[in-house]
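# Survey of secondary and tertiary structure
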Amino acid sequence: MKFIPLPAFQDNYLWMLHDGHRALVVDPGDAKPVLQFLRHSGLQLATILVTHHHPDHIGGVDELRDATGAQVYGPAREKIPEPLTRLAQGDEITVLGLRFRVFDVPGHTAGHIAYYCEEVDGAPLLFCGDTLFSGGCGRLFEGTPAQMLDSLHKLAALPGNTRVCCTHEYTLANLKFAKAVEPGNDELAHYFDHCESLRASGLPTLPSSIGRERRINPFLRAREPAVQRAAQDYNGADPGDEVAVFAAIRQWKNEFK
Ligand code: ZN
Ligand code: FE
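Heads up: these notes are all about the structure in this document.

Rules behind the numbers
- Within any chain, residue numbers begin from 1 and follow the written order of that chain's sequence.
- In the order they appear in the text, chains get letters beginning with A and ligands get numbers beginning with 1.
- Local features are withheld for residues below a pLDDT of 70 in this predicted model, meaning they are given only at 70 or higher, and side-chain atom pairs are given and counted only at 80 or more; totals for whole chains, interfaces and linings count all residues.
- In computing side-chain values, all of the structure's heavy atoms are included and hydrogens and water are not.
- Think of it this way: any DSSP run of H or I at least four residues long counts as a helix, any run of E at least two long counts as a strand, and we number them from the N terminus.
- By definition, residues are in contact when any of their heavy atoms lie within 4.5 Å.
- Angular values range over 0 to 180 degrees, each being the angle between N-to-C directions of two axes fitted as lines to C-alpha atoms, with helices fitted over their stretch in contact.
- Oblique is the label for any angle not covered by the other classes, which are roughly parallel (under 35 degrees), roughly antiparallel (over 145) and roughly perpendicular (65 to 115).
- Amino acids are sorted into nonpolar (Ala, Val, Leu, Ile, Met, Phe, Trp, Tyr, Cys and Pro), charged (Asp, Glu, Lys and Arg) and polar (every other residue, Gly among them).
- Given the number of residues in a helix, its expected span is that number minus one, multiplied by 1.5 Å.
- Each polar contact in these results corresponds to two N or O atoms within 3.5 Å; when the atoms are within protein, one needs to be able to donate a hydrogen and the other to accept it, and residues that are neighboring in sequence are counted only if both atoms are side-chain atoms.

## Notes on the environment of R199
Following the sequence through the fold, R199 ends up in helix 6 (residues 186-200). R199 sits 27 residues away from L172 along the chain, and the two C-alpha atoms are 8.5 Å apart. Not counting chain neighbours up to four residues away, the residues in contact with R199 comprise Y13, E169, L172, P204 and T205.

Laid out in structure tokens, this is it:
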């Protein structure tokens, strides 16, 4: 299996997975780069996976379905171009011979889902849309901090070697903020330097891994004393429980420049 992040728009990746014959694409906000890639590679698009309803994730679905006959899967509770197979927590699908489990991960949108495959060429793989980013998480457009934190806990509990395929190249901006939250985190500092050199060479910083995110992503670290202290400094008072710490750093990130 090969997986490839096709760049789209300013900073989206349209993740493609293929076995040399058949391909799947995740969240095709734009059909053009996908059709171009299919034409070049001679691959047949079998499957489209959608994580949530935002235009930069579904804009190319109709055109791709019409052009290729690909089967579309998407969240049960969101408005996605029909026809599609609707999925929710606990559902399993087999595509390209791979078994994907579905998680409900509300927060960025109310019905957001993620796709997890236990083994692709020796390691697990996660397509998490705009829920988890490297060093960050999605904005809370339709959910509460408690919902988003719960969703992130679900993802953080996956095996450490799970490859994390996020849909945006937000890593450097996220890590700048993460360093403000945890200036004493050495792994975070090293990872920032590494990602800076990747971007300077025009390379993607993704996929990340769940293990790394647990060590560097402040939104998965609201129980860490250093993150709690930073949230307290930002708030001017003890924010309280883990949800309140998470809410404080999410708010701080919204304002961070
Ligand atoms: Zn989105
Ligand atoms: Fe997005």
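## A closer look at the packing of helix 1 (residues 32-41) against helix 3 (residues 61-68)
Remark: helix 1 packs on helix 3, axes separated minimally by 9 Å, with the N-to-C direction vectors making an angle of 25°. Taken together, the axes of helix 1 and helix 3 lie roughly parallel to each other. Listed contacts from helix 3 to V34, L35 and L38 of helix 1 are E63, L64, A67 and T68. Here the contact of helix 1 with helix 3 is built from residues that sort into five nonpolar, one polar and one charged.

## Digging into helix 6
Between its first and last C-alpha atoms helix 6 spans 21 Å; for 15 residues at 1.5 Å apiece the expected length is 21 Å, and the two agree. On its buried face, helix 6 sits against helix 5 (171-181), strand 14 (208-209) and helix 7 (210-216). Backbone nitrogen of E187 and a side-chain oxygen of the N-cap are separated by 3.2 Å at the start of helix 6; the cap is N185. Phi for G202, located one or two positions after helix 6, is positive at around 75°.

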